[in-house]
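Survey of secondary and tertiary structure
Listed here are the chains, written in short residue letters.
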Amino acid sequence: MDEPDSPPPKYTAEDLEYSEPARMPFGRDEELGLAYHRSDDGQGDGLLMQASTTLVIAVSGLICAGWLLDVIQHWQVFVDISELIILIPILLNLKGNLEMNLASRLSTAANMGLLDQRSSRNAFIKGNLALLQVQSLTVGSVAGLFSFGLGAVVHPQTNNVNEIALMITASMLCAAMSSFVLGGFMCGLVLVCRKYHINPDNIACPLASSFGDLVTLVILAGCSVSLQKYINTPLPVILLFILLGMIPAWVMYVRRNKFVSEVAKEGWVPVFAAMVIASTAGLTLERYIIDYPGMALMSPVLNGLTGNIGSIYASRI
């Protein structure tokens, strides 16, 4: 950097590898900056302690998510609109992917020193939170429509316009609200890790995934129950158009932020490919959740734990 207050290099897909001068030491000396994740006994001990502790906390969040899914499956809205059960694995998978992407980008930015200066830190965080809203609203709309389409194939006699509007609106509302809550949490978590010399690669992604599932389930259940009261009114449709109208506004903001303007153009194919893969889990859950009551309790844990371990590995790379 030429000046202390000058913004860092553009954080884009074309420039993922920063030049060495752009790297800033984590602490007061370069040794601390290059190995801040090490413990006093060695590098492996620090990784083991941080990752293991995080995975234990993440599993507790997944267990809570499984318990909540086991409870809400019997609520009237999920009985009347069984497509919501199909939506749950798809939405959890997509939201988890987006939040782990955010956590990984924040961890990379922290390791490269982008969060050490106030000007670059504020611009980077605001841009990524705005990008998360764009992705969440888009993914939420597609996930809701896709889930209802799958449900229409399985239960063709239950289709109606009101249920379509409720499904998509609940999905988009849930995605936007949970992204706002979890995005702020992840930004704060990475900054705290940076301050206390903890490698965010070992912590951020698993917590984003596990607590993301729990928060998303809570919000989805609340939105679905609230919207069901107005299923025969124009309210779900009105909310749907408002949420769709917010996407271009967020896109314009993202395009003006140099940290995420290029990132916003990429990554959509893997996200929607993951949605197609997760649709199989949604159909399976909707088919067998009644016959095997324990499936709802174990599904988030079994799906989430392996993903958390993989996310630590991928983020560190």
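Residues numbered from 1 in each chain as written. Predicted model: local features only at pLDDT ≥ 70, side-chain atom pairs only at ≥ 80, totals over all residues. Heavy atoms only, no water.

1. Describing the overall build of the protein
Scanning the protein from N- to C-terminus turns up ten helices and zero strands. From first element to last, N terminus to C terminus, the protein shows the α and β order α-α-α-α-α-α-α-α-α-α. Relative to its 317 residues, the protein shows a buried fraction of 50%. For the protein, restricting intrachain contacts to residue pairs at least 6 apart in sequence, the fraction spanning at least 24 positions comes to 83%. (Helix = DSSP H or I, 4+ residues; strand = E, 2+ residues; numbered from the N terminus. Buried < 20%, exposed > 50% of the residue type's maximum accessible area, 1.4 Å probe, protein only. Contact = heavy atoms within 4.5 Å.)

2. So, the nonpolar core
General note: in soluble globular proteins, nonpolar side chains tend to be found buried as a group. In terms of nonpolar packing, the biggest core is built from 70 residues, with I72, F78, I88 and L217 touching the most fellow members. Within the residue set of this core, elements represented by two or more residues are α2 (43–72), α3 (76–80), α4 (83–112), α5 (118–154), α6 (161–195), α7 (204–228), α8 (235–255) and α9 (268–288). Ignoring any residue separated from it by four or fewer positions in sequence, one finds I88 in contact with L69, I72, F78, L217 and L220. (Core = buried A, V, L, I, M, F, W, Y, C linked by side-chain atoms within 4.5 Å.)

3. Description of the environment of L220
Looking at the secondary structure, you find L220 in helix α7. Each residue touching L220, except ones within four places of it in the same chain, is listed here: L87, I88, L91, A170 and C174.

4. Re α4
Look at α4: 44 Å from first C-alpha to last across 30 residues, which is about the 44 Å you get at 1.5 Å a residue. Along α4, 25 of the 30 residues are buried, which leaves the element largely enclosed by surrounding structure. (Expected span 1.5 Å × (residues − 1).)

5. Points about the UniProt feature "transmembrane region" (unreviewed entry) in the protein
Per the UniProt record, the feature "transmembrane region" (unreviewed entry) sits at residues 47–69, 129–152, 164–192, 204–227, 233–255 and 267–290. Between the end C-alpha atoms of residues 164–192 there is a gap of 42 Å, over a span that is 100% helix and 0% strand. Here residues 233–255 is 91% helix and 0% strand, with 36 Å between the C-alpha atoms at its ends. (UniProt positions renumbered as here; feature names shortened; annotations may be inferred.)

6. Some details on α8
In this model, α8 (21 residues) spans 31 Å end to end at C-alpha, consistent with the 30 Å of a helix rising 1.5 Å per residue. Here α8 has its buried residues at P236, L240, L243, I247 and V254. Buried positions in α8, seen along its axis, are confined to an arc of 70° and lie on one side of it. Projecting away from the buried face of α8 at angles above 90 degrees are the exposed residues F241 and M252. (Arc of directions from axis to C-beta.)

7. Let's talk about unusual backbone geometry
Of note in this structure, H197 is not a glycine but carries a positive phi near 60°. Examined against the element boundaries, H197 turns out to sit in the loop between α6 and α7. A residue is classified by how much of its surface remains accessible, and H197, at 36% relative accessible area, is partly exposed.

8. Some points on the side chain of S179
Turning to its location among the elements, S179 is positioned in helix α6. The exposure class of S179 is buried, given its relative accessible area of 1%. For S179, the contacting residues outside a window of four places in its chain are K95, E99, L132, Q133, S136 and G184.

9. Comments concerning the packing of aromatic side chains
Here a ring pair, both rings aromatic, is described through the centre-centre distance and the interplanar angle of the planes. In this structure the tally under the stated criterion is one aromatic pair. Geometrically, the ring pair formed by F124 and F259 is edge-to-face, given 5.6 Å between the ring centres and 80° between the ring planes. A residue pair is termed long-range when its members are at least 10 positions apart, and F124 in helix α5 and F259 in the loop between α8 and α9 qualify at 135 residues. Per residue, the accessibility class of F124 equals that of F259, and both read buried. When the ring centre of F259 is taken as origin, the NZ or CZ atom of K258, which lies over that ring, is 5.7 Å away. (Phe/Tyr/Trp six-rings, centres within 6.5 Å; stacked < 30°, edge-to-face > 60°. Lys NZ or Arg CZ within 6 Å of the ring centre and 35° of its normal.)

10. Quick notes on the environment of V215
Here V215 lies in helix α7. Counting along the chain gives 36 residues from V215 to S179, while the straight-line C-alpha distance between them is 9.5 Å. What V215 contacts, discounting residues up to four positions off in sequence, is S178 and L182.

11. Things to note about the packing of α6 against α8
Following both chains from N to C, one finds α6 and α8 inclined at 45°, their axes separated by 9 Å at the closest point. In terms of orientation, α6 lies oblique with respect to α8. As for the relative orientation of α6 and α8, their crossing is left-handed in sense. Where α6 approaches α8, its residues A165, L166, I168, T169, M172 and L173 are matched on the opposing element by P236, V237, L239, L240, L243, L244 and I247. Of the residues that constitute the contact of α6 with α8, the class distribution is twelve nonpolar, one polar and no charged. (Axes fitted to C-alpha atoms, helices over the stretch in contact; angles between N-to-C directions. Parallel < 35°, antiparallel > 145°, perpendicular 65-115°, else oblique. Left-handed = near helix turned anticlockwise from the far one by under 90°. Nonpolar A, V, L, I, M, F, W, Y, C, P; charged D, E, K, R; others polar.)

12. Thoughts on a nonpolar patch on the surface
On the surface, a cluster of nonpolar side chains totalling about 300 Å² of accessible area is made up of W67, V71 and W75. Mapped onto the secondary structure, W75 falls in the loop between α2 and α3. (Patch = residues over 30% accessible without salt bridge, like charges linked within 9 Å, V, L, I, M, F, W, Y side chains within 5 Å. Areas by Shrake-Rupley, 256 points an atom, 1.4 Å probe, with all protein chains shown as cover. Salt bridge = Lys/Arg side-chain N within 4 Å of Asp/Glu carboxyl O.)

13. Some points on the state of the cysteines
On inspection of all chains with the given rule, the structure shows zero disulfides. Sulfur of C223: no disulfide; nearest cysteine sulfur belongs to C174 and is 6.0 Å away. Taking the relative accessible area as the measure of exposure, C223 reaches 9% and is therefore buried. (Disulfide = S-S within 2.5 Å.)

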